[in-house]
Amino acid sequence: MNKAIYQRLEDLHNVLAYCSELQSYGKIYVFKTLERVCINQERGSLLSQLNNDNFPHQVRTYKVPPHIEVKVKFTLEKIQATSWGGFNQNYFTNEQY
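In short, a report on the structure. (Residues numbered from 1 in each chain as written. Predicted model: local features only at pLDDT ≥ 70, side-chain atom pairs only at ≥ 80, totals over all residues. Heavy atoms only, no water.)

A few words now on the overall build of the chain. Along its length, the chain carries three helices and zero strands. Along the chain, helices (α) and strands (β) appear in the sequence α-α-α when read from the amino end. Evaluated residue by residue, the chain yields a buried proportion of 37% over its 97 residues. Taking all contacts inside the chain whose residues are at least 6 apart in sequence as the whole, residues at least 24 apart take part in 70%. (Helix = DSSP H or I, 4+ residues; strand = E, 2+ residues; numbered from the N terminus. Buried < 20%, exposed > 50% of the residue type's maximum accessible area, 1.4 Å probe, protein only. Contact = heavy atoms within 4.5 Å.)

Quick look at the structure:
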């Protein structure tokens, strides 16, 4: 279970970083502001699922809406096709999976 959560966190972080990098070069961004908010909401939800200090009623479950998920998957494909570096979860956590 944790492996899937860590992979999803890595994917969501990478699509946001990729979008930000495109913007910094003056290219068209991938995600609009509110779409980025939704992605960050899912990231927060995933982190709450990993936090063992949370009581079960405090754990949030949120997934981005389907139209944003399509853009996330497309961006991940683009990242893989262009060999953009990206980040690995090992940068953010000491846990190995």
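Having seen the structure, we can now continue with the description.
With 18 residues, helix α2 (residues 33–50) ought to run about 26 Å at 1.5 Å a step, and its terminal C-alpha atoms sit 26 Å apart, in line with that. Among the residues of α2, those classed as buried are Glu35, Cys38, Ile39, Glu42, Gly44, Ser45, Leu46, Ser48 and Leu50. The inward-facing, buried residues of α2 abut α1 (2–24) and α3 (66–82). (Expected span 1.5 Å × (residues − 1).)

Quick look at the packing of α1 against α2 now. Interhelical geometry of α1 versus α2 gives an angle of 155 degrees and a closest axis separation of 10 Å. It follows from the interaxial angle that α1 and α2 lie roughly antiparallel. Two packed elements cross with a definite hand, and for α1 against α2 that hand is left-handed. Between α1 and α2, the contacting residues are Asn2, Ile5, Tyr6, Arg8, Leu9, Leu12, His13, Leu16, Cys19, Ser20 and Gln23 on the first element and Arg36, Ile39, Asn40, Glu42, Arg43, Leu46, Leu47, Gln49 and Leu50 on the second. (Axes fitted to C-alpha atoms, helices over the stretch in contact; angles between N-to-C directions. Parallel < 35°, antiparallel > 145°, perpendicular 65-115°, else oblique. Left-handed = near helix turned anticlockwise from the far one by under 90°.)

Shape descriptors only; they carry no functional weight alone.
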